[in-house]
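Close look at the chain arrangement
Spelled out, the chains give:
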Amino acid sequence: MKQLCKYAIVRFMPFSETQEFANVGVLLFSPKTGFVDFHLAPKNFGRVTHFFDDLNGELYRNTLIAFELELTRVKEFGSQFFGEKQVELLEEVTRYREGIISFSETRAMLHNNPQVALEELYKMYVARNFVTKEYREHQMVKALRHDLKKHISNVHYTQQKLIADYNVQIDMPFVTKGCHVTKVIKPLSFNQAKPLNLIEHGEQWINRVKRLIKANTIEATNMLFALEKPSSEKKEIVKAYQEVTDEMKELDTKVVLFDDKKSIFQFASDLEHGEFKLT
């Protein structure tokens, strides 16, 4: 018989200024049976320290060690209560507080086995889905912004909204404007597990760029896609990726690998129309 399970996602947020966080665990309890348990990410979790590229890895490790002790006490104490009393206790434990570690809002689900539910939620929110394309592309943008500042002195790229046809605004992470020239760089990650998801992600940005070109906001040759290839070598994934890159090239846009920094820097600094002042 299915029973009510309540859970909250454990979040690691080392920099309150940016409000960026990583899911690093799950706390789950079942009021009917008194079940309370948690699953935290490894103490040496490279995905976290790589995402927060300016983070001292020891901060994450020490924070997880201390928080694990705290959740162990919560587990031992909370399992003594049932029903509404347990709900009140755990709702107080997971109530939002400012700090490096916090919880998401408490959520509910029905499941036959709370322990299995906990592991399924951990896989969904921490183990499998941490490196979504959004997370990875955010990481790519941060890394490239750092590299451009370090290696390119004559041009300054900023995040800007560009106007496409129908007055649609399209947010781009790297844009220069001035002297009748607009140059754009867009990093894209193609680590999707399914070919359709990969194709849809690529076509979304292809269509956005088409609209910018149609609106004469940018010229195709002044648009650069910096791509991260799929890690999978499955035939259907490789074929889908090739199809997407072919469509990009058909637009006459520049297409390079994200790791090919030399080509990216050359594109970023090559001002064919002479010097210009950025807006």
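Anything mentioned here points back to the structure above.
Residues numbered from 1 in each chain as written. Predicted model: local features only at pLDDT ≥ 70, side-chain atom pairs only at ≥ 80, totals over all residues. Heavy atoms only, no water.

For Lys 6, the location among the structural elements is in strand 1 (residues 3–12). Under the relative-accessibility criterion, Lys 6 is labelled buried at 16%. Within polar-contact distance, the side chain of Lys 6 engages the side chain of Glu 91 at 3.0 Å. Not counting residues within four places of it along the chain, the set of residues in contact with Lys 6 comprises Leu 27, Leu 28, Phe 29, Val 87, Glu 91, Thr 106, Arg 107 and Ala 108. (Helix = DSSP H or I, 4+ residues; strand = E, 2+ residues; numbered from the N terminus. Buried < 20%, exposed > 50% of the residue type's maximum accessible area, 1.4 Å probe, protein only. Polar contact = N/O pair within 3.5 Å; in protein donor to acceptor, adjacent residues only side chain to side chain. Contact = heavy atoms within 4.5 Å.)

The next subject is the pattern of salt bridges. Close approach of charged atoms allows side chains of opposite charge to pair. The final tally for this structure, using the stated rule, is 9 salt bridges. Note that Glu 68 and Lys 43 form a salt bridge whose closest N and O atoms lie 2.8 Å from each other. Of the two residues, Glu 68 is situated in helix 2 (residues 57–78) and Lys 43 in the loop between strand 3 (35–40) and helix 1 (46–51); the sequence distance between them amounts to 25 residues. Looking at Glu 68, the relative accessible area reads 30%, which means it is partly exposed. Here Lys 43 falls in the partly exposed class, since its relative accessible area comes to 27%. Residues Glu 92 and Arg 95 are paired through a salt bridge, measuring 3.0 Å at the closest nitrogen-oxygen approach. On the accessibility criterion, Glu 92 (39% relative accessible area) is partly exposed. A relative accessible area of 43% means that Arg 95 is categorised as partly exposed. Each of Glu 92, Arg 95 and Arg 97 takes part in a single network of salt bridges with overlapping partners. (Salt bridge = Lys/Arg side-chain N within 4 Å of Asp/Glu carboxyl O.)

Turning to the nonpolar core, a few remarks are in order. Residues Val 24, Leu 27, Leu 28, Tyr 60 and Phe 103 are the most contacted members of the largest nonpolar core, which totals 34 residues. Secondary structure elements with two or more residues in this core: strand 1, strand 2 (22–30), strand 3, helix 2, helix 3 (83–93), strand 4 (101–103) and helix 4 (114–128). Core analysis: the next-biggest nonpolar cluster, separate from the first, contains 24 residues, Leu 162, Leu 198, Ile 199 and Leu 212 among them. (Core = buried A, V, L, I, M, F, W, Y, C linked by side-chain atoms within 4.5 Å.)

Within the element layout of this structure, Glu 119 appears in helix 4. In this structure, the C-alpha to C-alpha distance between Glu 119 and Val 26, residues 93 residues apart in sequence, is 8.7 Å.

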